Amino acid sequence: MTTRNPTGGRELVTVRNLRVAFDDTAVVHGVSFTVHAGECVALVGESGSGKSVTARSLVGLTGARSTVTADALEIDGRDALRLTTREWRRLRGGFAGLVLQDALVSLDPLRSIGAEIREVLRTHHMVPRRAELARAVELLASVGIPQPELRIAQYAHQLSGGLRQRALIASALAADPALVIADEPTTALDVTVQKQIIDLLGARLDDGKGVLLISHDLAVVADIADRVIVMKNGRVVEEGETDAVLGAPRHDYTRQLLAAIPSASSRGTYLSRATATDRLPLPAREADRSRIVLSAQGLHKTFASARRGSELHAVDDVSFELARGEVLGIVGESGSGKSTVANIVLGLTRPDAGEVRLDGQPWSALNEAQKRPVRSRLQFISQDPLSSFDPRWTVERVIAESTLVLGLPAAEARDRAAWLLGRVGLDTALLTRHPRTLSGGQRQRVSIARALAPEPDIIVCDEPASALDVSVQAQVLDLLAEIQADRGTSLLFVSHDLGVVHHVSDRVLVLKDGKVVESGDVDDVFYRPQADYTKKLLASLPTAVSSA
Amino acid sequence: MTDLLEKVKADAALAQASIVTPTPRRRRRGPAPSVLVAGAFVLVLLVAVALPQLFTSVDPFRTVPTDGLKPPSAEHWFGTDRLGRDIFSRVVHGARYSILIGLSATAIAVVAGSILGLIAGLSGRLIPGRVGLLVDETFGRLFDVISSFPGVLLAMVVVTFAGPGVQNIAVAIGIASIPMYGRVVRSQTLLVTRADFVTHAAIYGRSRARVVIEHVLPNVLVAIPVLAAIDVGASILAVSGLSFLGLGPQAPIPEWGVMLAESRDVLRIAWWGGVFPGLFITASVIALTVLGRALQRHIDGRKS
């Protein structure tokens with residue numbers, strides 16, 4: 001194929017009317033698009049929209065149970081519908097490199113990252129054997145891995161999330177593919193690491209290579225993509241230039257997706273019921289600054305490190321106060337100690353120094369038996385609700401557990417569980433179901449219901465929406481806000497997502513390496529940051545699409 | 001395209017399953033024929049254990065010296081042994097010994113192994129400081145020591161000290177399989193006590209004892225039935241082996257291993273004396289193992 005197109009690159013992939021079905025269930029219904037050299041095309045949509053399946057059909061990895069049909073599926077100018085297994089293999093890695101979301105499971109735990117990269121080099125006969133090592137080091141350096149000579153001998157579990165993802169990208173780039181297919185490459189990464197990954201993909205574009213990006217994060221997409229394809233239920237609902245689609249969306253679904261992104265401008269309004277033009281205000285809530293329900297003074301926590309003698313200061317002199325009805329956001333990258341602070345507040349970890357007081361009364365200083373009767377005042381919502389449910393229990397039993405210590409009669413506990421399930425917007429028919437049969441959003445609602453059951457004063461939320469799609473996240477955040485306005489509960493909201501924190505919090509605490517680098521009113525901190533670290537964090541944020 | 005895709009990596013297919021909207025499971029057929037046959041055979045065996053009279057009215061202990069070493073016939077289906085005892089009747093009545101001792105041995109191993117494994121796993125988590133770790137370590141080494149001896153050899157040592165007999169052989173074989181259960185229960189306990197839902201239970205102010213009873217125990221013990229189902233067959237084999245060596249029930253008890261041993265001297269002229277008990281030992285072990293594997297597949301399938 002040598003046909004030129006307006007962007008100047010040749011057509012790397014042409015898909016016309018692609019259909020994919022699994023066991024007679026169609027999941028992709030007639031999708032068409034092209035990717036040119038030097039262009040980044042983004043597939044956007046919720047989970048289940050068929051975007052990953054579409055991407056996988058381009059490398060022939062849709063699985064044995066699938067049927068792929070299309071009017072045209074041309075990859076590198078060849079008819080992909082007629083490729084043999086051998087030809088597919090040469091195409092994968094050679095022409096199209098695949099980067100998956102979770103680098104930890106995508107990298108072989110028994111092989112060093114060097115071996116991983118050299119395998120690709122060897123398979124595609126990129127360089128003579130003698131030069132493989134040097135080339136692998138070069139590749140690692142090119143994706144911004146410091147000390148590549150050292151890292152090359154390390155295994156996936158020895159690397160941090162960001163390094164691991166970069167190593168995976170290095171192996172995807174090893175055969176210098178003309179097209180990189182990246183499936184949620186930045187999900188679960190900190191903003192600063194996310195920025196590095198995006199820059200890396202951007203550099204490929206400048207080299208005249210193509211990128212097909214699959215993401216549910218519109219902010220990331222807005223940063224890098226030239227064209228956006230919005231998918232829903234296996235169909236394309238809207239496509240076009242990124243600025244046009246995200247700036248002036250024509251389809252309702254695209255507008256909903258955009259409106260669901262939490263940010264500064266969405267404060268105090270519903271995320272899930274917003275339309276393009278106006279936003280519904282959330283019920284007003286009143287923070288009673290005169291009543292401090294939780295105070296932390298000079299918290300310290302050190303963990304013995306794996307290396308002998310060295311210690312890790314997980315939390316280093318952290319102090320804060322939480323007023324009744326207030327939301328205090330705690331932001332920081334992974335390893336900043338924000339989860340340790342949450343655990344200390346919950347009374348699961350004992351601080352080495354400093355004290356947490358509840359309503360002016362001692363809390364962290366109590367022993368376990370003294371804590372037990374007070375515990376129901378503090379509740380916890382974790383990132384992964386499924387693992388926080390006993391796999392053998394039904395939803396009803398899960399919710400009722402948190403009220404057991406209150407000594408409610410069984411019948412009353414059941415009634416309350418049913419009422420709470422209604423309160424979080426779920427059907428009471430779910431009471432007898434097992435949590436693993438629920439969707440991600442339903443699970444998080446159940447865990448909110450469970451946290452509400454003992455009518456706590458404070459709920460600690462550790463990344464409560466990070467594992468959810470934008471639209472589901474919007475519903476969960478709205479629900480939390482509603483309940484909080486209703487009950488005057490105080491929230492300690494731990495997250496690495498600055499947009500979410502800006503949307504929900506009244507005040508914010510920025511943590512780095514266990515230390516508070518900045519704290520104060522959320523608008524002050526985000527609009528007029530004082531500390532260099534906060535400035536760097538905010539600069540790493542993908543240029544917001546919140547104007548929509 | 002389809003036939004081509006059948007060859008792609010299995011892991012891609014696995015990853016796919018989570019992305020795709022759930023489709024009705026295709027594996028909704030009944031159990032495989034081998035499982036049905038095995039199940040029927042085990043059922044017959046269990047009936048023979050409970051009510052051997054249903055199958056034969058002949059007394060397994062009645063000796064008829066004039067009928068010695070008769071080949072299989074309409075009157076004696078499996079022939080007779082040297083003392084003229086009916087081998088069919090002895091095989092049927094012998095099921096009670098072989099199967100029951102095998103089951104008891106497994107039961108002893110399951111109960112003792114689970115308790116020791118739980119203590120080891122919980123003490124490391126609940127007893128603060130070095131004491132807990134020491135207890136855990138002690139049990140761990142104990143399991144190592146026991147499992148470093150071959151099971152049958154260990155059982156022989158126990159029987160040598162305690163004397164041969166039905167109870168002793170069950171205990172001896174049971175002890176030899178304790179480490180298997182102990183280790184599984186210990187590691188499962190460590191896993192479950194670190195799970196998020198145990199942390200959550202602590203946040204709700206539930207006492208440690210309640211958490212152990214309601215969360216830890218049920219989730220730890222799920223692993224046991226499959227392990228036990230597969231192990232019963234091995235126990236039966238061990239019982240027969242030790243009986244054959246004269247360490248189990250003593251003649252004239254019609255235990256299958258004992259019958260094998262008795263037939264050994266006359267095997268050249270009366271093959272039926274050894275073949276039929278041997279067939280039943282083999283068939284029982286195979287049938288129980290097949291059932292155990294089927295149970296395992298069933299439980300694994302339900303989990304995913």
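Residues numbered from 1 in each chain as written. Chains lettered and ligands numbered in written order. Predicted model: local features only at pLDDT ≥ 70, side-chain atom pairs only at ≥ 80, totals over all residues.

A. Seen up close, the domain arrangement of chain A. Residues and elements named next belong to chain A. Looking at chain A, the domain boundaries give domain 1 (1-95 + 177-259), domain 2 (107-175) and domain 3 (289-305 + 314-540). Each of domain 1 and domain 2 has a C-alpha centre, and these two points are 25 Å apart. Taken residue by residue, the interface counts 11 residues in domain 1 and 12 residues in domain 2. The set of elements that each furnish at least two residues to the side of domain 1 that touches domain 2 consists of helix H2 (85-94) and helix H8 (191-206). Per-element tally for the side of domain 1 that touches domain 2: the top contributor is H8, with 4 residues. Within the side of domain 1 that touches domain 2, the residues separate by chemical class into 8 nonpolar, 3 polar and no charged. (Domains from an automatic or database assignment. Contact = placed C-beta atoms within 7 Å. Helix = DSSP H or I, 4+ residues; strand = E, 2+ residues; numbered from the N terminus. Nonpolar A, V, L, I, M, F, W, Y, C, P; charged D, E, K, R; others polar.)

B. Up close: the pairing of strand E10 (residues 227-232) of chain A. All names here are of chain A. Of all 6 residues that make up E10, 5 are buried, and the element is covered over most of its length. Both strand E3 (residues 40-44) and E10 contribute to a ladder of 4 bridges, which runs parallel. Opposite Leu 43, over in E10, you have Ile 229 as the bridge partner. As judged from the 6 bridges shared by E10 and strand E11 (residues 235-241), these two strands associate in the antiparallel manner. Within E11, the position partnered with Val 228 by the bridge is Gly 240. If you look at the hairpin formed by E10 and E11, you'll find 2 residues sitting between the two strands, and Asn 233 has a positive phi there, around 50 degrees. (Buried ≥ 20, exposed ≤ 12 C-beta atoms within 10 Å, placed from the backbone. Pairing = 2+ DSSP bridges.)

C. Summary view of helix H7 (residues 161-173) of chain A. Residue and element names in this part refer to chain A. Between its terminal C-alpha atoms H7 stretches 18 Å, which fits the 18 Å expected from 13 residues at 1.5 Å a residue. H7 sits mainly inside the fold: 12 of its 13 residues count as buried. Every buried residue of H7 is listed here: Gly 162, Leu 163, Arg 164, Gln 165, Arg 166, Ala 167, Leu 168, Ile 169, Ala 170, Ser 171, Ala 172 and Leu 173. (Expected span 1.5 Å × (residues − 1).)

D. Seen up close, the confidence of the model for chain B. Residue and element names in this part refer to chain B. In the predicted model, chain B carries a mean pLDDT of 84, and the fraction of residues at 70 or more is 89%. The low-confidence segment residues 1-26 (pLDDT under 50) makes 34 contacts with residues lying over four places distant or belonging to another chain. The ipTM, which scores confidence in the relative placement of chains, is 0.71 for this predicted complex, and the corresponding pTM is 0.76. (pLDDT = per-residue confidence, 0-100.)

E. Focus on the packing of helix H6 (residues 151-162) of chain B against helix H10 (residues 224-244) of chain B. Residue and element names in this part refer to chain B. Running from N to C, H6 and H10 point in directions that differ by 50 degrees, and their axes come no closer than 11 Å. Classified by the angle between their axes, H6 and H10 sit oblique to one another. Remark: the crossing between H6 and H10 carries right-handed chirality. Within the contact between the two elements, H6 uses Gly 151, Val 152, Ala 155, Met 156 and Val 159 and H10 uses Ala 238, Gly 241 and Leu 242. The residue makeup of the contact of H6 with H10, split by class, is 6 nonpolar, 2 polar and no charged. (Axes fitted to C-alpha atoms, helices over the stretch in contact; angles between N-to-C directions. Parallel < 35°, antiparallel > 145°, perpendicular 65-115°, else oblique. Left-handed = near helix turned anticlockwise from the far one by under 90°.)

F. Broad picture of the pairing of strand E7 (residues 96-99) of chain A. All names here are of chain A. Residues Ala 96 and Leu 98 point to one face of E7 and Gly 97 and Val 99 to the other, with burial holding for every one of them. Summarising the sheet, E7 and strand E8 (residues 179-183) pair through 4 bridges and their orientation is parallel. Pairing of Val 99 across the sheet is with Ala 182, part of E8.

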